[in-house]
Amino acid sequence: MKAEADRADQAGAADTGRNSVVAATCAEADVATRTRTKAEVATTSLMEAVVERGNLMLAYQRVVANQGAAGVDELTVSELKDHLKRHWPTIRARLLAGQYMPAAVRGVDIPKLPTVVDRMIQQALHQVLQPIFEPIFSDASFGFRPGRNAHQALRRARQYVASGKRWVVDMDIEKFFDRVNHDVLMSKLAAKVADARVLALIRRYLQAGMMADGVVQPRQEGTPQGGPLSPLLSNILLTELDWELERRGYAFCRYADDCNIYVGSERAGAELLQGVTRFLAERLKLTVNVAKSAVARPWQRKFLGYSMTWHQQPKLRIAKPSLQKLTEKVRDELRSARGRSLATTIQRLNPVLRGWAAYFKLTETKRALEERDGWIRHKLRCVLWRQWKRPSARERNLRQRGLTVDRAWRSASNGRGPWWNAGASHMHAAYPKSWFDTLGLVSLLDTVQRFQRIS
């Protein structure tokens, strides 16, 4: 089945789907038709802006650039262009008539993937809705907004701790993207969006079933995680939390559903956590995960992959779980390295290391980077030792790298395992850091320091 091709012929099924959201859509339309400002009146024709050619071309380009797997219809990104040539007029007509029915979401763990066509439509919606809601978002909200990023949130957090707010309320919202209350979210959308077709389409995306093992399961809560619309919807919903924290005068940083609030004492933090827990439950129908939330020192917690030192002027450092994730990525890449040349292995490893270093360029401590660099070189020397297999091959390669005949033979025939030999002096002498540099291996420390000089 190719997405809308079959759905376009299933008018009866579409009518049934429309009836299922009629009551909710009417309620949202009532809100949408109240007295509005001139800017809000313009939102009555949002669907025309969504399907406008320039907006759709940009949405198409972004979906293609992001790639991603196929959805339940098995239509791939590379097939999208030809599919749209055949079926876009039908899809467009249904969107303008308010009759488009999204497909079920493919139920993989993360991401939960809409079809390629639905990802494009969601991206087109996002591009039209973002400018409408951007002016109301908080200055303390950094996630998935133009001109804002995680590094800005981290710098702001460090400023708060340096100013004396040396306790953090680290709040975890339980399964946020799976537990968003549809009615609460739709009421916030309807307050700014007057086009009933757009509201109905978003509600259909929220309620699109989850397909797992060939069975579509209905969804009564949650946002379409894995689609372009989800981050914007999360910001729209949690803006009310931002306003409440600002009204109370708290210092906080929020990135999507990851929110840290900085206070001056443990007692103040405990009281705040209780208050915010009540607020989220009563106003937004969200639950705080008590087991994962805490009032603690900032250097005892992690935020956006980083932690801090305990100094009066704290330094950003890489959190231990982030280092462990990198370790697992490198291990996964090296598991299949035995049948490849080391140069090829390094070429495949470098993008992972370079991207990781670019994100963690704010770190102000270098020990962790030095240790991880040394561990990666140790792993690569271990790959070499395993590839050589026989003592004669090991002796030959060590001699070629400048070791004496006697030392090469004693090292090659010592009877020790690959990991021990990879860390021994003979492998360090034969394959020093400079040798890996000539092969182009990305050094985390060198790359981070280069990024820091540039910025």
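So, how was this worked out
Counting restarts for each chain, with residues numbered from 1 along the sequence as it is written. Where totals are concerned, whole chains, interfaces and linings use all residues; where local detail is concerned, this predicted model gives features only for residues with pLDDT of at least 70, and gives and counts side-chain atom pairs only at 80 or more. The basis for the side-chain values is all heavy atoms of the structure; hydrogens and waters are excluded. Numbering of helices and strands runs from the N terminus; a helix is a DSSP stretch of H or I covering at least four residues, while a strand is a stretch of E covering at least two. Burial classification: accessible surface area is computed with a 1.4 Å probe over protein chains only, and a residue below 20% of its type maximum counts as buried, one above 50% as exposed, and the rest as partly exposed. A contact between two residues is defined here by any heavy atoms of the two lying within 4.5 Å. Only the protein chains shown count as cover for residues, with accessible areas throughout obtained via the Shrake-Rupley method and a probe of 1.4 Å. The set of buried Ala, Val, Leu, Ile, Met, Phe, Trp, Tyr and Cys residues whose side-chain atoms join them within 4.5 Å is what this entry labels a nonpolar core. Only strands that DSSP links by at least two bridges are regarded as paired with each other. Inter-axis angles, ranging from 0 to 180 degrees, are taken between N-to-C directions of lines fitted to C-alpha atoms, where helices are fitted over the stretch in contact. Note on charges: Lys and Arg go in the positive column, Asp and Glu in the negative column, and His and the chain ends are not counted at all. Whenever a carboxyl oxygen of Asp or Glu lies within 4 Å of a side-chain nitrogen of Lys or Arg, that contact is scored as a salt bridge. For this analysis, a polar contact is any N or O atom pair within 3.5 Å, provided that within protein one partner can donate a hydrogen and the other can accept it, and provided that sequence-adjacent residues contribute only side-chain to side-chain pairs.

Participant: Sorry, what's going on with the overall build of the protein here?
Facilitator: A count of helices and strands for the protein gives 23 helices and nine strands. A buried classification covers 51% of the 455 residues belonging to the protein. Across the protein, every contact between residues at least 6 apart in sequence was considered, and the portion connecting residues at least 24 apart equals 75%. Carbon together with sulfur atoms contributes 50% to the accessible area of the protein, which is approximately 21,800 Å² in total.

Participant: I keep staring at the nonpolar core and nothing clicks. Help me out?
Facilitator: Generally speaking, nonpolar side chains in soluble globular proteins are found buried as a group. Counting residues in hydrophobic clusters, the biggest one holds 67 residues, and the most contacted among them are Ile202 and Leu280. A per-element tally of this core places helix α8 (residues 116-133) first, with 10 residues. Ignoring anything within four residues of it in the chain, the contact list for Leu280 reads Met171, Ile173, Leu241, Lys285, Leu286 and Val288. In terms of nonpolar packing, the next biggest core, distinct from the first, is built from 53 residues, Tyr160, Ala337, Trp356 and Phe436 among them.

Participant: How should I be thinking about the sheet that holds strand β6 (residues 258-263) in this particular structure?
Facilitator: Consider a sheet: its strands pair through backbone hydrogen bonds, and that pairing is either parallel or antiparallel. Spatially, the four strands line up as an open sheet ordered β5-β6-β2-β7, and their pairing is antiparallel. Looking at which strands have only one partner, the edges of the open sheet turn out to be β5 (251-255) and β7 (294-296). Each adjacent strand pair in this sheet contributes to an overall mean axis angle of 20°, direction not counted. Where β5 meets β6, five bridges bridge the pair, whose relative direction is antiparallel.

Participant: Help me understand helix α18 (residues 391-400), please; the structure alone is not making it clear to me.
Facilitator: Helical geometry note: an α-helix holds 3.6 residues per turn, so side chains three or four residues apart project in the same direction. Restricting attention to buried positions, one finds in α18 the residues Ala393, Arg394, Glu395, Asn397 and Leu398. The secondary structure elements touched by the buried residues of α18 are α17 (367-388), α19 (405-412) and α21 (425-430). At the C-terminal side of α18, Gly402 shows a positive phi close to 105°.

Participant: Even after reading the chapter, I still don't get the side chain of Arg166, so can you show me in this structure?
Facilitator: As for its position among the elements, Arg166 is in the loop between α9 (150-162) and β2 (167-172). Buried within the structure, Arg166 lacks any salt-bridge partner; its nearest side chain of opposite charge belongs to Glu364, at an N-O separation of 12 Å. At a separation of 2.6 Å, a polar atom in the side chain of Arg166 contacts the main-chain carbonyl oxygen of Trp310. Polar side-chain contacts of Arg166 include one of 3.1 Å to the backbone oxygen of His311.

Participant: Can you help me understand the pattern of salt bridges in this one?
Facilitator: Side chains that carry opposite charge are capable of pairing whenever their charged atoms lie near each other. Scanning the entire structure with this criterion turns up 23 salt bridges. Measuring nitrogen to oxygen at the nearest pair gives 3.0 Å for the salt bridge that ties Glu333 to Arg348. Here Arg348 lies in helix α16 (residues 342-359) and Glu333 lies in helix α15 (residues 320-334), a separation of 15 residues in the sequence. Under the relative-accessibility criterion, Glu333 is labelled buried at 15%. Residues joined by salt bridges that share partners form a network here, namely Glu48, Asp195 and Arg197.

Participant: I keep staring at the pairing of β6 and nothing clicks. Help me out?
Facilitator: On any regular strand, side chains alternate: one points to one face of the sheet, the next to the other face. Most of β6 is tucked away, with five of its six residues classed as buried. Two elements, β2 and β6, share six bridges in a ladder whose sense is antiparallel. Bridge pairing in β6 links Val169 to Ile261. Between the antiparallel neighbours β5 and β6 lie two residues, among them Ala256 with a positive phi of about 55°.

Participant: In this structure, what is going on with unusual backbone geometry? I would like to understand it.
Facilitator: Positive phi, close to 55°, is recorded for Phe144, a residue that is not glycine. Inspection of the secondary structure assignment puts Phe144 in the loop between α8 and α9. The residue Lys389 is not glycine, and still its phi comes out positive at about 65°.

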